[in-house]
Structures are given as structure tokens and as C-alpha cells.
Amino acid sequence: MSCLFNSLNYFLKEDSQKIRQKICDYLENNNKLIDGIDTKTILKMENKKNYIKNMRQPSTWGGAIEIQVACNLWNMKIIVHNIRDKNNKKIEFIPLNKNFKKVIEITWNGGHYEPIRK
């Protein structure tokens, strides 16, 4: 199972594989990812069917696209702390409607995500 989906599971209290499948369904339905960009546009560099098919597999790692979809689906802001960076730079993902109900924070070390437990 991918560490990103396990990290989301910590906050959403939903099965990691179900989280993954909901995110893939969102991508497959070509929903908007961010203002002005739908998933078809963002995935056109990849073979859309193969990207989503691969992402449905438990061993495939999730990344920025999946984080943005999670924001949109669960109406939350996700702050990613890049712990490889000596200044601990943060990347903030916000849902399309910008009216998020929840803020979660995760770390990323270049190859692994971990929830920040408070």
C-alpha cells in the first residue's frame, strides 16, 4: 500500500484502498483538478487509461495529482512539509471551492509520505 494513501487514511478514517479507488474514479471521470485544468489535460502527457489503471494498483505511489484530488473530494487543505529541504518548505494544496473544512499536514522526504500526528 502506498504511504500517501496510508497517510490520508490516518485523517479520513477510511480504508486506504477505498481512498485510492475514489481518487482514481475522480481522475477517470475527468473532473476538474484545479481552476482551468481538468484531469484529461493534466494526464495527457501520460496514457490516461494506463496512468489510472496503474494508480489503482496497491503498490503504485501517489503524488501531487492524487493529493489535489483528495483536497477536492474531501474538501480539505493539505499541507506537505518537504523535510528534505533544510528550510522545511511547505506546499499547500487547497480544494477547488477554496472553502475547506479541514486542514491536514503530512511530511514528504522525497520518497515517503507520513502524517503529522498532533
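The residue numbering used here restarts from 1 in each chain and proceeds along that chain's sequence as written. In keeping with the predicted nature of the model, local features appear solely for residues at pLDDT of at least 70, side-chain atom pairs appear and are counted solely at 80 or more, and the whole-chain, interface and lining totals rest on all residues. With hydrogens and water set aside, each side-chain value is computed from the structure's full complement of heavy atoms.

With that settled, consider the nonpolar core. One finds Leu8, Ile23, Leu27, Ile67, Ile78 and Ile106 to be the most contacted residues of the largest nonpolar core, which totals 28 residues. Taken together, the elements giving at least two residues each to this core come down to helix H1 (3–12), helix H2 (16–28), helix H4 (48–55), helix H5 (64–74), strand E3 (76–82) and strand E5 (102–108). In this description a helix means any DSSP run of H or I spanning at least four residues, a strand means any run of E spanning at least two, and both kinds are numbered starting from the N terminus. No other element matches H1, which puts 6 residues into this core. The residues contacting isoleucine 78, other than those within four sequence positions of it, are Leu8, Ile67, Ala70, Cys71, Ile91, Glu92, Phe93, Ile104 and Ile106. By convention a nonpolar core is built from buried Ala, Val, Leu, Ile, Met, Phe, Trp, Tyr and Cys residues, the set being connected through side-chain atoms within 4.5 Å. The buried label goes to any residue with under 20% of its type's maximum accessible area, the exposed label to any with over 50%, and the partly exposed label to all in between, with areas taken from a 1.4 Å probe on protein chains only. Should any heavy atoms of two residues lie within 4.5 Å, those residues are counted as being in contact.

Even without being a glycine, lysine 13 presents a positive backbone phi close to 55 degrees. Among the secondary structure elements, lysine 13 is positioned in the loop between H1 and H2. Looking at lysine 13, the relative accessible area reads 66%, which means it is exposed. One non-glycine residue with positive phi stands out, namely asparagine 30, at about 55 degrees. With respect to the helices and strands, the residue asparagine 30 is situated in the loop between H2 and strand E1 (32–34).

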